[in-house]
Amino acid sequence: MFHCVFLILRTLKMSILKRRIKEFEDALGAKEIDPVLVRKLCFNGIPDVGSLRPLCWKLLLNYIPYSRDRWQETLARKRELYKNFIDDLIVIPGESNIEKVGLVVDVKIDDHPLNLDPDSKWQTFFKDNEVLLQIDKDVRRLCPDISFFQQATDYPCEAIVHSNGQKRLHQRVHHTVLKSASVERRGLGPTTICVPAKKAAEDYAPIEGGEAHWEVLERILFLYAKLNSGQGYVQGMNEIIGPIYYAFACDPDQKWREHAEADTFFCFTNLMAEIRDFFIKTLDEAECGINTMMNRLMQEVKTNSYDIWLRLFQQELCPQYYSFRWLTLMLSQEFPLPDVMRIWDSLFSDNNRFDFLIHVCSAMILLCRDQILSGDFAANVKLLQNFPSTDVQIVLSKAAELSERSSLKDSFLK
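Calculation criteria
- Residues numbered from 1 in each chain as written.
- Predicted model: local features only at pLDDT ≥ 70, side-chain atom pairs only at ≥ 80, totals over all residues.
- Heavy atoms only, no water.
- Phe/Tyr/Trp six-rings, centres within 6.5 Å; stacked < 30°, edge-to-face > 60°.
- Helix = DSSP H or I, 4+ residues; strand = E, 2+ residues; numbered from the N terminus.
- Buried < 20%, exposed > 50% of the residue type's maximum accessible area, 1.4 Å probe, protein only.
- Expected span 1.5 Å × (residues − 1).
- Axes fitted to C-alpha atoms, helices over the stretch in contact; angles between N-to-C directions.
- Parallel < 35°, antiparallel > 145°, perpendicular 65-115°, else oblique.
- Left-handed = near helix turned anticlockwise from the far one by under 90°.
- Contact = heavy atoms within 4.5 Å.
- Nonpolar A, V, L, I, M, F, W, Y, C, P; charged D, E, K, R; others polar.
- Polar contact = N/O pair within 3.5 Å; in protein donor to acceptor, adjacent residues only side chain to side chain.
- pLDDT = per-residue confidence, 0-100.
- Salt bridge = Lys/Arg side-chain N within 4 Å of Asp/Glu carboxyl O.

Novice: So, the packing of aromatic side chains: which residues are in play, and what are the values?
Specialist: The way to describe two aromatic rings as a pair is by their centre distance and the angle between their planes. Inspection of the entire model under this criterion finds 19 aromatic pairs. Relative to Phe266, the ring of Tyr63 lies with its centre 5.9 Å away and its plane at 10 degrees, an arrangement referred to as stacked. Of this pair, Tyr63 sits in the loop between helix H3 (52-60) and helix H4 (71-89) while Phe266 sits in helix H10 (residues 260-275), and the two are 203 residues apart along the sequence. The pair Tyr63 / Phe266 is uniform in exposure class, with both members buried. Aromatic pair Phe148 and Tyr246: ring centres 4.8 Å apart, planes at 80 degrees, arrangement edge-to-face. Here the residue Phe148 occupies a position in the loop between helix H5 (121-139) and helix H6 (158-161), and Tyr246 occupies one in helix H8 (residues 237-249), the gap between them amounting to 98 residues. By relative accessible area, which is 10% here, Phe148 ends up buried.

Novice: So what's going on with H10? Residues and values would help.
Specialist: In a regular helix each residue adds 1.5 Å, so 16 residues correspond to 22 Å; H10 covers 22 Å between its end C-alpha atoms and thus fits that length. Residues of H10 that are buried: Ala260, Glu261, Ala262, Asp263, Thr264, Phe265, Phe266, Cys267, Phe268, Leu271, Met272 and Ile275.

Novice: Requested: an account of the packing of helix H2 (residues 35-43) against helix H14 (residues 337-349), with residues and values cited.
Specialist: For the pair H2 and H14, interaxial distance at closest approach is 8 Å and the crossing angle is 150 degrees. Considered as vectors, H2 and H14 are oriented roughly antiparallel to each other. Along this stretch, H2 crosses H14, giving a crossing that reads as left-handed. Residues Arg39, Cys42 and Phe43 of H2 form the contact with H14, whose participating residues are Arg342, Asp345, Ser346, Phe348 and Ser349.

Novice: Tell me about the packing of H3 against H14, and please be specific about residues and values.
Specialist: Packing of H3 against H14 leaves a shortest axis separation of 10 Å and a crossing angle of 35 degrees. Regarding H3 and H14, the two cross each other, and that crossing is left-handed. Residues Arg53, Trp57 and Leu60 of H3 touch H14, and the partners they reach there are Met341, Arg342, Trp344, Asp345, Phe348 and Ser349. Residue classes in the contact of H3 with H14 are distributed as five nonpolar, one polar and three charged.

Novice: Which residues make up H3, and what are the values?
Specialist: Burial runs high along H3: nine of the nine residues are buried. Buried residues of H3: Leu52, Arg53, Pro54, Leu55, Cys56, Trp57, Lys58, Leu59 and Leu60, and no others. One or two steps after H3, the chain reaches Asn62, where phi turns positive at roughly 60 degrees.

Novice: Describe the side chain of Gln315, naming the residues involved and giving the relevant values.
Specialist: Structurally, Gln315 can be placed in the loop between helix H12 (306-314) and helix H13 (323-328). Of note is the side chain of Gln315, whose polar atom sits 2.9 Å from the side chain of Asn380. Residues in contact with Gln315, not counting those within four places in the same chain, are Gly375, Asp376, Phe377 and Asn380.

Novice: So what about the confidence of the model for the protein? Which residues, and what values?
Specialist: The predicted model of the protein has a mean per-residue pLDDT of 83, with 77% of residues at 70 or higher. Per-residue pLDDT stays below 50 along residues 96-108; that stretch engages in 13 contacts with residues further than four places along the chain or on separate chains. Counting interchain partners and residues more than four positions distant, the pLDDT-below-50 stretch residues 175-202 has 73 contacts.

Novice: Residue-level account of the environment of Glu80, with values.
Specialist: Structurally, Glu80 can be placed in helix H4. The partly exposed category is assigned to Glu80, whose relative accessible area is 43%. Between the C-alpha atoms of Glu80 and Ala262, which are 182 residues apart in sequence, the distance is 8.8 Å.

Novice: Go over the pattern of salt bridges, please, and point to the residues and values.
Specialist: What the rule picks out here adds up to 16 salt bridges. When the shortest N-O distance is used, the salt bridge between Arg53 and Asp345 registers 2.7 Å. With Arg53 in helix H3 and Asp345 in helix H14, this pair connects stretches of sequence that are 292 residues apart. On the basis of relative accessible area, Arg53 is assigned to the buried category, the value being 8%. Glu211 serves as the salt-bridge partner of Arg219, at 2.6 Å between the closest nitrogen and oxygen. Each member of the pair, Arg219 as well as Glu211, carries the same accessibility label: buried. One salt-bridge network, in which partners are shared between bridges, spans Asp48, Arg53 and Asp345.

Novice: Could you give an account of the side chain of Ser323, naming the residues involved and the relevant values?
Specialist: As for its position among the elements, Ser323 is in helix H13. For Ser323, the side chain forms a polar contact with the main-chain oxygen of Pro319, separated by 2.7 Å. What Ser323 contacts, discounting residues up to four positions off in sequence, is Met294 and Leu297.

Spelled out as structure tokens, the structure:
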């Protein structure tokens, strides 16, 4: 009897999955893709088959247009632009500067490490290395619970691999282990967010004659920092870019997978344009700042469970102790990578994706109701800083319930 029920449920589940896959394929196969339909489908989770998630994320992160006729031109232009970034922004010092002006060749004095000229390649090289030191530390410990980022990519950057090591970024810095996990942001100093539960055992080793995936991410983050000098690189960005690159670099379609690096760069850049204010300390108190987000989170908890809010308030357990990391890193350190990607399906597809992020974080707290009400300060800090293993679908279902409740309340107030 039990076996028959199991087979029936399994058959029903497979039928539902096939129907959902067909819905995605029909939506994405249209000449003019309907963005409302795609968002609706993605919000409920993208099936882990074929190229569905990589393609949907490229659409949701505004990398490719919803008109399929424009894909080829857009992708060719963006990928060529990224190649130019590699050629122009990864500086090799020590070369003679020879400039051609018309028919006249102007040979300047050779550059050298003590040259104080701001345009000196050596000055640029030394300044870049300060940024590289932090990036190198972070990408080497990304997702240590899986081996993917330590493995070799099938599509290394030929310009880098065949540069006799001159352009390999990891060779320019000496790796040292960080003793604390902090998000160092532009402003008055670092904001400590606590040591993450996941720790890398040892350094990720470089690969001779090829590139590991973490080396590719190091290059993307370095180029992003160079092109966004007002913000630069901030610790934690490696956690944001990791799932995006993983999705693209695992695309079953070779034509897409080959360009995972360039595609990740632009999708990451577009996402950071939306969340970059979380990483800027001087904007903490602004409407778009991280403190506002944490206050909204606690207000939602208070609205939906006053006793939980009161317990945290009485214990003086500030949201900065746990939710700063949740919100800034979009929960990328709180769940296993497959669950993070499932959460991001909903975040990326929600028009007010940061509202839904608040709902997800609220759901996490509400689902810990019994532990929070019975725990003391130390126990609750440990609980929220190391969120217990939970079925992510339960969290998302609770978040969707909170979202619907919030929408009904807003409609009533209007």
